[in-house]
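Residue strings, one per chain:
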Amino acid sequence: MGAAGALGNTSALVVDDGSTFLLNTFNQTVGDLSGVGTIDLGSGTLTITNGNQQNLNLTNVIQGNGGTLAFNLGGGVLSVDNSNSAAWAGNVELNNTLL
């Protein structure tokens, strides 16, 4: 990604198997996240809003050097499938989200 906010805040981000969404150092908000591909945060922040009171099953591989995954699911439930795990040391923010 070459700029912060390059995608619309309500955009659906689908990262397919074998693909990588590279955030670099930029911040991005998306409306939905799906797929099993890799999210490379770098040191950026990816915020997923996923609509109001919508559940999200996170199956993507998360990697990067730091970075933040932020969820605001409007009271929805975040499920994490770590079968596609990778080494990642970063921050997770849960806002109005159940885990």
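No experiment lies behind these values; they were computed from the predicted model shown.

Peer 1: What's the story with a nonpolar patch on the surface in this structure? I'm lost.
Peer 2: Together, Val 80, Val 92, Leu 94 and Leu 99 give the surface a local cluster of nonpolar side chains, amounting to about 390 Å² of exposed area. Note that Val 80 resides in strand β9 (residues 78-80). On the accessibility criterion, Val 80 (52% relative accessible area) is exposed.

Peer 1: Sorry if this is basic, but what is going on with the environment of Leu 13 here?
Peer 2: With respect to the helices and strands, Leu 13 occurs in strand β1 (residues 12-14). Taking the C-alpha atoms as reference points, Leu 13 and Ser 34, 21 residues apart in sequence, are found 6.4 Å from one another. Other than its neighbours up to four places away in sequence, Leu 13 contacts Leu 7, Phe 21, Val 30, Asp 32, Leu 33 and Ser 34.

Peer 1: Sorry if this is basic, but what is going on with the nonpolar core here?
Peer 2: Most often, soluble globular proteins have nonpolar side chains that are buried together. Counting 17 residues, the largest nonpolar core has Ile 39, Leu 41, Leu 46, Ile 48, Leu 69 and Phe 71 as its most contacted members. Mapped onto this core, the elements with two or more residues apiece are β6 (45-48), β7 (56-58) and β8 (61-72). Considering every element that reaches this core, the biggest residue donor is β8, with three residues. Beyond its immediate stretch of four places on either side in the chain, Phe 71 contacts Ile 48, Leu 56, Leu 58, Leu 78, Val 92, Glu 93, Leu 94, Asn 95 and Thr 97.

About the criteria used
Residues numbered from 1 in each chain as written. Predicted model: local features only at pLDDT ≥ 70, side-chain atom pairs only at ≥ 80, totals over all residues. Heavy atoms only, no water. Patch = residues over 30% accessible without salt bridge, like charges linked within 9 Å, V, L, I, M, F, W, Y side chains within 5 Å. Areas by Shrake-Rupley, 256 points an atom, 1.4 Å probe, with all protein chains shown as cover. Salt bridge = Lys/Arg side-chain N within 4 Å of Asp/Glu carboxyl O. Helix = DSSP H or I, 4+ residues; strand = E, 2+ residues; numbered from the N terminus. Buried < 20%, exposed > 50% of the residue type's maximum accessible area, 1.4 Å probe, protein only. Contact = heavy atoms within 4.5 Å. Core = buried A, V, L, I, M, F, W, Y, C linked by side-chain atoms within 4.5 Å.

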